[in-house]
Amino acid sequence: MAVAFTAVTAICLALLATLALRLDATSGANAATADVAERATGLARAVYFDGGMLHLEPLDEDELATGASLVAIYRLDGDAVVATPAYRSGQHAADLSDDQRNALVADVLDAQDSVTARYPGRAGHEFAWAAAPVYDGDTVGAVVVAGQDMEAQRAAHDRLALGLWLGCLALLIAAAASGYALSGRAMRPATAALAQQEQFLTEAAHELRTPLATLRLSVEAGDPDDRTRALATVDRLDRLLTALLTRARIEAGSFEPERLPLRLDQVVEEVVAETSPGDRDRVRFSGEAVVVVGDPILLGQAARNLIENALRHAPGPVEVVVADGGLVVRDQGPGIAPVDRAAVLDAGVGSGTGTGTGLAIVNWVAELHGAAFTLADAPRGGLEAELRFPER
């Protein structure tokens, strides 16, 4: 939870910082361009032609011609070719190449209006440039060019970027710490409840196994036949208890099932051998070697539930087959209506037949092992339950 909270916070902060930096860079460039455009246009209105002579006297008192901006005024000859600059301030000649100047003048002549551009200066800094026409009658007789070094704006932008990223890092650390503290606080009750459940399961297993052990000791001295049946019952109850505890711990998330390669036919054959003598005579078991990967306790419980369910609800023989990577149990009982089968497997409640809970456990074991569990009508009536495992 802390990692997820921190990751979401980091993404949000990165997006906000990127957006802020992009807006700052755009607004800074636009502000510099607007400033030089205002200077170029204002100076173009201040100077004028009179009788073919360009008067530059107003520049001496115009604040637009001073400051950090670079200003130059280029006269044009009759063929619109740039002549020697009539006015220049700052390091204009060192920062605007001839090709860049000619491009600005050409754009002014094409547009017959002010134009702006951004070019790199000879020192490597980016400059914002603006050019405005000065008319001599009906023709453009000169072009005023103003430029501004954007290095100061770039440096301010870099300082803002550094501050933003440092601030985001500090906020991210604070978010990670608070997320860890809050998630730990939120998880403590759940962790405590899980620990209590595990303690309950341990104590329940101990309390249930104690009378089983006592029962084993008490019947060992009795009649041999009674002793054999009683010991078999004790062993069966012990395995059932182990399976129930294993399932409870898996569902609680405190235990991982085993993943062992095992012979499914041997597991099912052992389950068949554990059935009572009367029921065992009704089971028709046939199997071939089928190797699956899974938990032997849970697979044994699934097979036991399938066989006991069939024996309980079918008066006749029960067919148990292990082949083709799966287990099939067929009976000749009343079966389950097709409309009720999904509810039986999903909710663990049967349609009045009492078969729901055991089959729901089988379905849970199948999902845990990536197997498919299906119910269908048996060929000779009754129910056919199939547990099909994926190919290895």
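Residues numbered from 1 in each chain as written. Predicted model: local features only at pLDDT ≥ 70, side-chain atom pairs only at ≥ 80, totals over all residues. Heavy atoms only, no water.

**Brief notes about the overall build of the protein**
Helix and strand counts for the protein come out as 10 helices and 14 strands. Counting only residues that meet the buried cut, the protein has 38% of its 392 residues in that class. For the protein, long-range pairs separated by at least 24 residues make up 61% of all intrachain contacts whose partners lie at least 6 apart in sequence. Carbon and sulfur atoms make up 57% of the accessible area of the protein, which amounts to about 21,300 Å² in all. (Helix = DSSP H or I, 4+ residues; strand = E, 2+ residues; numbered from the N terminus. Buried < 20%, exposed > 50% of the residue type's maximum accessible area, 1.4 Å probe, protein only. Contact = heavy atoms within 4.5 Å. Areas by Shrake-Rupley, 256 points an atom, 1.4 Å probe, with all protein chains shown as cover.)

**Quick look at the side chain of Glu386**
Of note, Glu386 is situated in strand S14 (residues 383-388). Of the residues examined, Glu386 reaches a relative accessible area of 19% and is grouped as buried.

**Let's talk about the packing of helix H6 (residues 264-274) against helix H8 (residues 296-313)**
Axis separation between H6 and H8 bottoms out at 9 Å; the angle between their running directions is 50°. Considering their axes alone, H6 and H8 lie oblique with respect to each other. The interaxial crossing formed by H6 with H8 has right-handed handedness. Of the residues in H8, those in contact with Val267, Val268, Val271, Val272 and Glu274 of H6 are Pro296, Leu299, Gly300, Ala303, Arg304 and Ile307. Of the residues assigned to the contact of H6 with H8, the class counts are eight nonpolar, one polar and two charged. (Axes fitted to C-alpha atoms, helices over the stretch in contact; angles between N-to-C directions. Parallel < 35°, antiparallel > 145°, perpendicular 65-115°, else oblique. Left-handed = near helix turned anticlockwise from the far one by under 90°. Nonpolar A, V, L, I, M, F, W, Y, C, P; charged D, E, K, R; others polar.)

**Quick notes on unusual backbone geometry**
The backbone of Gln112 sits at a positive phi, close to 55°, despite the residue not being glycine. Inspection of the secondary structure assignment puts Gln112 in the loop between helix H3 (98-111) and strand S5 (115-120). Note on Gln112: relative accessible area 39%, which makes it partly exposed. If you check the backbone angles, Asp324 has positive phi at about 55° while not being a glycine.

**Here we look at the pairing of strand S11 (residues 318-323)**
With five of six residues buried, S11 lies mostly within the body of the structure. Where strand S9 (residues 283-287) meets S11, five bridges bridge the pair, whose relative direction is parallel. Paired with Phe285 across the two strands is Val320, which belongs to S11. Relative to strand S12 (residues 326-330), S11 runs antiparallel, the two sharing five bridges. Bridge pairing in S12 places Val322 opposite Leu327. (Pairing = 2+ DSSP bridges.)

**Examining the confidence of the model for the protein**
Considering every residue of the protein, the mean pLDDT works out to 79; 73% of them sit at 70 or more. When pLDDT is averaged over each helix and strand of the protein, the minimum, 54, is found for helix H2 (residues 92-95) and the maximum, 93, for S12. A low-confidence stretch, residues 347-356 (pLDDT under 50), is modelled with 20 contacts involving residues beyond four sequence positions or located in other chains. (pLDDT = per-residue confidence, 0-100.)

**A few points about the nonpolar core**
Core analysis: the largest hydrophobic core is formed by 38 residues, its most contacted members being Val268, Ile307, Leu327 and Phe373. Secondary structure elements with two or more residues in this core: H6, H8, S11, S12, helix H9 (338-347), helix H10 (356-368), strand S13 (372-377) and S14. Top element by residues in this core is H8. It accounts for eight residues. When sequence neighbours within four positions are dropped, the list of residues in contact with Ile307 reads Val268, Val271, Val272, Thr275, Val283, Val320 and Val329. (Core = buried A, V, L, I, M, F, W, Y, C linked by side-chain atoms within 4.5 Å.)

**Here we look at the pattern of salt bridges**
Side chains that differ in sign of charge can pair as their charged atoms come close. Counting across every chain of the model gives 10 salt bridges. Arg118 is the partner of Glu126 in a salt bridge, and the nearest nitrogen-oxygen pair spans 3.5 Å. Given a relative accessible area of 41%, Glu126 falls into the partly exposed group. Notably, a salt bridge pairs Glu386 with Arg388, separated by 2.1 Å at the nearest N-O pair. (Salt bridge = Lys/Arg side-chain N within 4 Å of Asp/Glu carboxyl O.)

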